[in-house]
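Inside the fold
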Amino acid sequence: MPYRGNPLAVVGDATGLTTEEMQRVAAWMNLSETTFLLEPCSENSATADYRVRIFTPDRELPFAGHPTLGSCAVWLEQGGVPRTPGVIVQECGAGLVQIRSSHNSGSSAGNNPGTSPDSPGNNPGNNPRNSPENSPGSSSGSSSDSSPGNSLDSSRLAFAAPPLVRSGPVSADDLAAACALLRIDPNTQVVNANWVDNGPPWLGLLLRSAEDVLNLRPEAANPHDLFVGAVGPYPPGSAADSADPAADPANPADSPDFEVRAFFPVRGALAEDPVTGSLNASLGQWLTAAGHATAPYVASQGAALGRDGRVYIDRDPDGTIWVGGAVVTCIQGTVEI
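Describing the side chain of T34
Positionally, T34 belongs in strand 2 (residues 34-38). For T34, a relative accessible area of 0% corresponds to the buried category.

Next comes the structure, spelled out in structure tokens:
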């Protein structure tokens, strides 16, 4: 649904802009991320369909998830045709990322996350009839709507989770710092902790329940510039009987298995992201590998901010994690820089 997801500003033709100009625009937009579409670099010109640069209000990111889907949707709306039918290849700071259409890739059935005793311890998109060709800018948000797109369905896209650049157990000091930031007790509220860095340096915390995640009341300051993601499971069967606050009785397949919250630094303060593809990607890799979750599953995010995001995690037979979400264009216009 429009205005219930995570907004993203996309500059559709950023040719000629300097890094300083891009950062200035992103700071002025003051959204979680602003992206800039460019031609692929020469070394990727035969492989990538386009290149994207991703900025928060105060820094550039090598990769982010909801900006990947939103940027791809704008590229499709503006007439982009992938080199390989059915698959888009995006170039970003983290490398090449594959994107494809995704419908109903997640399911709330059959998961029992978070309790295995053997487990180790960032939108545009979707109605080409209303989309002017070559529109240089769009501002959009993730949503649960679907509608036809251009050659691929740009209203529901999924990206292949990039490899983690850092994983493994979290030190006692890092865990203590993350828990102090979220004001929780690492000994009683944390089931597991792991580095889940895929560009943004996420530290993942698996809490006992979705309720624990929703009840987080973090500090306002973030002096150590931590990126912390918290995830907790809904009770099995709660979506079916509407026991959880995010369940949709009219659409059980859209009811969540997990609640996710993402906290990141902005100018020394702690900010919260409404819907976070990069974090959900790395959490999907960690949780499924550690036995805390079984794909496909659905994650809910944004409820603490008055949003209603849904992220759909799926897994190919070869182990590739796909992260899906819906996108919808909310604003289109011209950007003067």
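Here's the deal with the nonpolar core
If you look at the biggest cluster of nonpolar residues, it comprises 49 residues, and the most contacted ones within it are Y50, I88, I99, F159 and L287. Per element, the largest residue contribution to this core is 6 residues, and it comes from helix 2 (residues 65-77). Excluding residues that lie within four positions of it along the chain, I99 makes contacts with Y50, T68, L69, C72, G86, V87, I88, Q90, L157, A158, F159 and W322. The next biggest cluster of nonpolar side chains, apart from the first, holds 20 residues, and it includes L175, C179, V190 and L226.

Some details on the side chain of N6
Residue position: N6 is located in the segment before strand 1 (7-11). Separated by 3.2 Å, the side chains of N6 and H66 make a polar contact. Within the local environment of N6, its side chain forms a polar contact with the backbone oxygen of V275, the two atoms lying 2.7 Å apart.

Focus on the pairing of strand 16 (residues 309-315)
Burial runs high along strand 16: 5 of the 7 residues are buried. In this structure, strand 15 (residues 297-301) lies alongside strand 16, joined through 5 bridges in antiparallel fashion. The residue of strand 16 that forms the bridge with V298 is Y312. Sheet topology note: the strand 16/strand 17 (residues 321-333) ladder contains 4 bridges and is antiparallel. By the bridge assignment, D314 is partnered in strand 17 with W322. Between strand 16 and the antiparallel strand that follows it, strand 17, lie 5 residues; G319 among them carries a positive phi value of about 95 degrees.

Details of the pattern of salt bridges
Where charged atoms of side chains with opposite charge meet at close range, the side chains can pair. Enumeration according to the criterion identifies 9 salt bridges in this entry. Residues R83 and D49 are paired through a salt bridge, measuring 4.0 Å at the closest nitrogen-oxygen approach. Here R83, found in the loop between helix 2 and strand 5 (88-92), pairs with D49, found in the loop between strand 2 and strand 3 (50-55); they are 34 residues apart in sequence, far enough to count as distant. Residue class for R83 comes out partly exposed when judged on its relative accessible area of 48%. Classification of D49 by relative accessible area gives buried; the value is 11%.

A look at the environment of F263
Tracing the backbone through its elements, the reader meets F263 in strand 13 (residues 258-266). Given a relative accessible area of 1%, F263 falls into the buried group. Taking the C-alpha atoms as reference points, F263 and L226, 37 residues apart in sequence, are found 7.9 Å from one another. The contacts of F263, once residues within four sequence positions are left out, are L182, W202, L216, P218, L226, F227, V228, L270, A271 and E272.

Some words on helix 1 (residues 19-29)
Among the residues of helix 1, those classed as buried are M22, Q23, V25 and A26. All buried residues of helix 1 fall inside an arc of 160 degrees around its axis, so they share one side. What points out from helix 1, more than 90 degrees from its buried face, is the exposed set E20 and W28. One or two residues past the end of helix 1 sits N30, with phi positive at roughly 60 degrees.

Looking at the packing of aromatic side chains
Any pair of aromatic rings gets described here by the distance separating the centres and the angle formed by the planes. Under the criterion given, the structure shown has 5 aromatic pairs. The ring of Y312 is capped by R156, whose NZ or CZ atom sits 3.8 Å from the centre of that ring. Here R166 stacks its cationic end above the ring of W195, 3.8 Å away from the centre of that ring.

Some points on the confidence of the model for the protein
Across the protein, the average pLDDT comes to 84, with 81% of residues at or above 70. Contacts of residues 104-151 to residues separated by more than four positions or lying in other chains number 178 contacts, the stretch itself having pLDDT below 50. Segment residues 240-244 is flagged for pLDDT under 50; beyond a separation of four residues in sequence, or across chains, it makes 7 contacts in the model.

Considerations on the environment of S167
Looking at the element boundaries, S167 is found in strand 9 (residues 166-168). S167 sits 34 residues away from P201 along the chain, and the two C-alpha atoms are 9.8 Å apart. Beyond its immediate stretch of four places on either side in the chain, S167 contacts N194 and W195.

Thoughts on helix 2
For helix 2, with 13 residues, the first-to-last C-alpha span of 19 Å sits near the 18 Å given by 1.5 Å per residue. For helix 2, the tally of buried residues reaches 13 of 13 residues, placing the bulk of the element in the interior. G79 sits one or two residues past helix 2 and shows a positive phi near 100 degrees.

Calculation criteria
Residues numbered from 1 in each chain as written. Predicted model: local features only at pLDDT ≥ 70, side-chain atom pairs only at ≥ 80, totals over all residues. Heavy atoms only, no water. Helix = DSSP H or I, 4+ residues; strand = E, 2+ residues; numbered from the N terminus. Buried < 20%, exposed > 50% of the residue type's maximum accessible area, 1.4 Å probe, protein only. Core = buried A, V, L, I, M, F, W, Y, C linked by side-chain atoms within 4.5 Å. Contact = heavy atoms within 4.5 Å. Polar contact = N/O pair within 3.5 Å; in protein donor to acceptor, adjacent residues only side chain to side chain. Pairing = 2+ DSSP bridges. Salt bridge = Lys/Arg side-chain N within 4 Å of Asp/Glu carboxyl O. Arc of directions from axis to C-beta. Phe/Tyr/Trp six-rings, centres within 6.5 Å; stacked < 30°, edge-to-face > 60°. Lys NZ or Arg CZ within 6 Å of the ring centre and 35° of its normal. pLDDT = per-residue confidence, 0-100. Expected span 1.5 Å × (residues − 1).

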